[in-house]
Amino acid sequence: MRLFSFWKTMCICFIPLAIVYQLLWTLFLTDMPAQFWTSSTSSQFVFFKGVGELMMYSLMLWFLISRTKTDSSTSKTLFCTLLGCIILYTSYAMLMRLPFRSIVAFN
């Protein structure tokens, strides 16, 4: 199994991918009319964005842990821990904002 350089993978692939992903969503969501934000469609879009983030960051974490090498295991451990915290926080935010949660609460 070939191992890739941790820092090259981060700087050339993962960080630009995460930045472009967030910028595209920002461009898409900032141009939405006010009616969009008052409808239930907005919560579905934000939930979909969260699912995409979870998938992307989880795949990044798996790849960084299993397919990269570095001279300093401390930096790899710290960065993977930070990425794990982002995944946990996004998961928590999604659980608090489930689209069907408001339906369940009123029934």
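About the criteria used
- Residues numbered from 1 in each chain as written.
- Predicted model: local features only at pLDDT ≥ 70, side-chain atom pairs only at ≥ 80, totals over all residues.
- Heavy atoms only, no water.
- Helix = DSSP H or I, 4+ residues; strand = E, 2+ residues; numbered from the N terminus.
- Expected span 1.5 Å × (residues − 1).
- Buried < 20%, exposed > 50% of the residue type's maximum accessible area, 1.4 Å probe, protein only.
- Contact = heavy atoms within 4.5 Å.
- Phe/Tyr/Trp six-rings, centres within 6.5 Å; stacked < 30°, edge-to-face > 60°.
- Polar contact = N/O pair within 3.5 Å; in protein donor to acceptor, adjacent residues only side chain to side chain.
- Bend = angle between axes of the 7 residues up to and from the residue.

J.: What exactly am I supposed to notice about helix 4 (residues 73-96) here?
T.: Here helix 4 is 24 residues long and its end C-alpha atoms lie 35 Å apart, about the 34 Å a rise of 1.5 Å per residue gives. The set of residues buried in helix 4 consists of Ser-75, Lys-76, Cys-80, Leu-83, Gly-84, Ile-87, Thr-90 and Met-94. Check the buried side of helix 4 and you find it contacts helix 1 (6-30), helix 3 (40-67) and strand 2 (68-69).

J.: Could you clarify how one ought to interpret the packing of aromatic side chains in this entry?
T.: The description of two aromatic rings rests on the distance between their centres and on the angle between their planes. Tallied over the full model, the rule gives 10 aromatic pairs. On the numbers, 5.7 Å between centres and 80 degrees between planes, the contact of Phe-14 with Phe-63 is edge-to-face. In this pair, Phe-14 sits in helix 1 while Phe-63 sits in helix 3, placing the two residues 49 residues apart along the sequence. Their ring planes at 85 degrees and their centres at 5.8 Å tell us that Trp-25 and Phe-28 sit as a pair that is edge-to-face. Of this pair, Trp-25 and Phe-28 both sit in helix 1, three residues apart, which is roughly one turn of that helix. When its relative accessible area of 12% is taken as the criterion, Trp-25 is described as buried. On the accessibility criterion, Phe-28 (35% relative accessible area) is partly exposed. Aromatic rings pair up to connect Trp-25, Phe-28, Phe-36, Trp-37, Phe-45 and Phe-48 into one cluster.

J.: For this particular structure, what's the right way to read the environment of Gln-22?
T.: Position of Gln-22 among the secondary structure elements: in helix 1. Separated by 27 residues in the primary sequence, Gln-22 and Lys-49 have C-alpha atoms spaced 9.3 Å apart. The contact partners of Gln-22, leaving out residues within four places of it in the chain, are Lys-49, Glu-53 and Tyr-57. Polar contacts involving the side chain of Gln-22 include one to the side chain of Glu-53, which spans 3.1 Å.

J.: Is there a simple way to think about helix 1 in this case?
T.: Three or four residues apart is the spacing at which side chains of an α-helix point the same way, because the helix has 3.6 residues per turn. In this model helix 1 runs 34 Å from its N-terminal to its C-terminal C-alpha over 25 residues, within 8% of the 36 Å that 1.5 Å per residue would give. At Phe-14, helix 1 is deflected by roughly 30 degrees, the largest bend along its length, and proline Pro-16 occurs up to four residues later in sequence. Of the residues making up helix 1, those classed as buried are Phe-6, Thr-9, Met-10, Phe-14, Ala-18, Tyr-21, Trp-25 and Leu-29. Structurally, helix 1 contributes buried residues whose contacts are with strand 1 (4-5), helix 2 (34-38), helix 3, strand 2 and helix 4.

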